[in-house]
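Coordinate analysis (summary)
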Amino acid sequence: MSDFIEEVKKRRTFAIISHPDAGKTTLTEKFLLYGGAIQEAGMVKGKRQSKHAVSDWMEIEKQRGISVTSSVLQFNYDGFCINILDTPGHQDFSEDTYRTLMAADSAVMVIDGSKGVEDQTRKLFKVCAMRHIPIFTFINKMDREAKDPYELMEEIERELGVETCAVNWPIGCGKDFKGVYERKKEEVIRFMPVQGGKKEVDVEICDAHDESLKEKIGDLLYQQLQDDIELLDGAGAEFDLERVQRGELSPVCFGSALTNFGVEPFLKHFLDMTTSPLPRNSNIGEIDPLSEDFSAFVFKIQANMNKAHRDRMAFMRICSGKFTKGMEVFHYQGNKKIKLNQSKQIMAENREEVEEAYSGDIIGVFDPGIFSIGDTICMPKNKFAYEGIPTFAPEHFAMIRNTDTMKRKQFVKGVEQIAQEGAIQIFTELGGGMEEIIVGVVGVLQFEVLAYRLKNEYNVDIVNTPLPYQYIRWIKNKEIDLKKLNLSSDTKKVQDLKGQYLLLFSNEWGVRWANDKNPDLQLAEFSNN
Ligand code: G4P
């Protein structure tokens, strides 16, 4: 095997998805500990550790101690080179979070064992399912009282529409948590809590059918385990690696990230089952990640990381070949040869200049304002474009107006540029001008980011009036006569920057009404342009 192929084959690029507080940061941190990328827990940015923030580009991030943008962490473990794409949670949830999933080849879904499937997990899962990427479930916080594991599996199947298959199984939970049963090896990994507040637990491995286990975990849990072992073969779907890789079946592991129990087995199972970089579709067919010609697509643009220079950084996922610093490439959408300079890669807490990177890796390159989300970079001798990145439906809307009419030009320019970067989506009323702009965002914090950036970069103050809309649908059939549509009185017709027509609804009932009363109308939740 050539060095190049070996490098690509050892890449694993995935995103961790979860609802806030399920334990994503804690799990990521434990992964990094195994990889030796950090020396102690607490190095990865958390709500309380803003001074260690991996991403501290914007003042607003620092002020609030949160990360507005998704970051990428790379580390090596057991012969693999792992790229973890961080998907921000809480109020910093934004369209970037969704787009980051476009750069991943698989996803790890962290679920709080006491809460089950929560709202944000549901949203992120939907995007992963749309791409049919493999999804691995880690049911966390088993050291606390948790829901019945069968119920949890059922809930995932029912709520998310994916089949599940337990790779291991918990023995008790909360103060009775005794460990997990590894189904394939038929052994028990025992959880042995340590007194005195030490967070990491010791483990012991025993044969699941050995009578001596009875003494160790108690008669009741021992009997329960024997019953579970029998029952499990009937519960959930049978393990089938091909179905896992098509995203139809999610392998499930249980553990406790905080006490570092079950994290390494999960990581090992995950690495066993997940794939090296996957091929991607383009306008000339599928591109092989093992092809030696470099290609990548832009999935995120981060603006003004250095206020003094007004610079932008374009984050791209390498989909084939090898990147070398300063190489000459072809920017498809710009129809131009360019040099990729000032490339950065984020290694745990440091951002470093990269000399080379491979298919599967993420790099950030200096962007003099030429890139847009979804752009393709390839070799000049073989030009093609990757499939675009969908535009995701915003969930919060506001009408914004500039307070100083003398600054109309800056206002329009600023709003348009920020929209082009993909941080916000903008709409106007049909036939309306740019005096008042309807802004749609995926996460509410983006309104604050918008106001902050307009003030700091364009010297414009805005007034922001929240609008009651919650749902948006793109009208797919362009020929339809908008005037003749039968819509509920609170539905609004608008158009986007590309002139596409959309409908804004205050509630789900309005969406149903539009569908029911207008059989010819075709509505879409994502826009693929
Ligand atoms: P997030 O990134 O998904 O938002 O979650 P994060 O890892 O920050 O974890 C949220 C809270 O849950 C933290 O507690 C964390 O310590 C706790 N936690 C994570 N994994 C486990 C687990 O396996 N068991 C238990 N019992 N707790 C877990 P916190 O109170 O917000 O912070 P801290 O004071 O404990 O650091």
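In this report, we go over the structure that sits alongside the text. This structure is a prediction, so every number in the text was calculated from the model and none was measured.

1. Re unusual backbone geometry
In the Ramachandran plot, Asp 21 falls in the positive-phi region, its phi being about 80° despite a non-glycine side chain. Here Asp 21 lies in the loop between strand E1 (11-18) and helix H2 (24-35). On the accessibility criterion, Asp 21 (45% relative accessible area) is partly exposed.

2. With respect to the pairing of strand E17 (residues 328-331)
The pairing of E17 with strand E18 (residues 336-339) spans 4 bridges and is classified as antiparallel. Residue pairing in the sheet places Glu 328 in a bridge with Lys 339 of E18. Counted between consecutive antiparallel strands, the loop separating E17 from E18 contains 4 residues, among which Asn 335 sits at a positive phi close to 50°. Alignment of E17 against strand E23 (residues 376-378), held across 2 bridges, turns out to be antiparallel.

3. Things to note about the site of the ligand
Near the ligand lie 19 residues; those nearest to it are Asp 21, Lys 24, Thr 25, Thr 26 and Asp 143. One of the side-chain N or O atoms of Thr 25 is found 2.4 Å from an oxygen atom in the ligand. With the chains in place, 78% of the 710 Å² that the ligand exposes on its own is no longer accessible. The greatest single-element share of the shell around the ligand, amounting to 3 residues, is contributed by H2. Considered class by class, the residues forming the shell around the ligand number 4 nonpolar, 8 polar and 7 charged.

4. Here's the deal with the nonpolar core
Core analysis: the largest hydrophobic core is formed by 65 residues, its most contacted members being Leu 85, Met 109, Ile 156, Phe 254 and Phe 299. In terms of residues, this core owes the most to one element, helix H8 (residues 219-232), which gives 5 residues. Counting the residues that make up this core, at least three belong to each of domain 1 (16-66 + 108-275) and domain 2 (281-378). The residues contacting Phe 254, other than those within four sequence positions of it, are Phe 138, Ile 139, Met 142, Pro 149, Leu 152, Asn 168, Trp 169, Pro 170, Val 180 and Gly 262. By size, the runner-up hydrophobic cluster in this structure holds 29 residues, among which are Phe 14, Val 108, Phe 138 and Phe 270.

5. Quick word on the packing of H2 against helix H10 (residues 263-273)
At a closest axis distance of 10 Å, the pairing of H2 and H10 adopts a crossing angle of 80°. Classified by the interaxial angle, the pair formed by H2 and H10 is roughly perpendicular. Where H2 abuts H10, its residues Leu 27, Lys 30, Phe 31 and Tyr 34 lie against Val 263, Glu 264, Phe 266 and Leu 267. Split into classes, the residues belonging to the contact of H2 with H10 amount to 6 nonpolar, no polar and 2 charged.

6. Considerations on the environment of Arg 408
Topologically, Arg 408 is positioned in helix H11 (residues 408-421). With relative accessibility at 36%, the residue Arg 408 sits in the partly exposed group. When sequence neighbours within four positions are dropped, the list of residues in contact with Arg 408 reads Asn 402, Met 434 and Glu 435.

Reading the values: the criteria
- Residues numbered from 1 in each chain as written.
- Predicted model: local features only at pLDDT ≥ 70, side-chain atom pairs only at ≥ 80, totals over all residues.
- Heavy atoms only, no water.
- Helix = DSSP H or I, 4+ residues; strand = E, 2+ residues; numbered from the N terminus.
- Buried < 20%, exposed > 50% of the residue type's maximum accessible area, 1.4 Å probe, protein only.
- Pairing = 2+ DSSP bridges.
- Near = heavy atom within 4 Å.
- Polar contact = N/O pair within 3.5 Å; in protein donor to acceptor, adjacent residues only side chain to side chain.
- Areas by Shrake-Rupley, 256 points an atom, 1.4 Å probe, with all protein chains shown as cover.
- Nonpolar A, V, L, I, M, F, W, Y, C, P; charged D, E, K, R; others polar.
- Core = buried A, V, L, I, M, F, W, Y, C linked by side-chain atoms within 4.5 Å.
- Domains from an automatic or database assignment.
- Contact = heavy atoms within 4.5 Å.
- Axes fitted to C-alpha atoms, helices over the stretch in contact; angles between N-to-C directions.
- Parallel < 35°, antiparallel > 145°, perpendicular 65-115°, else oblique.

These figures come from the coordinates and say nothing about function on their own.
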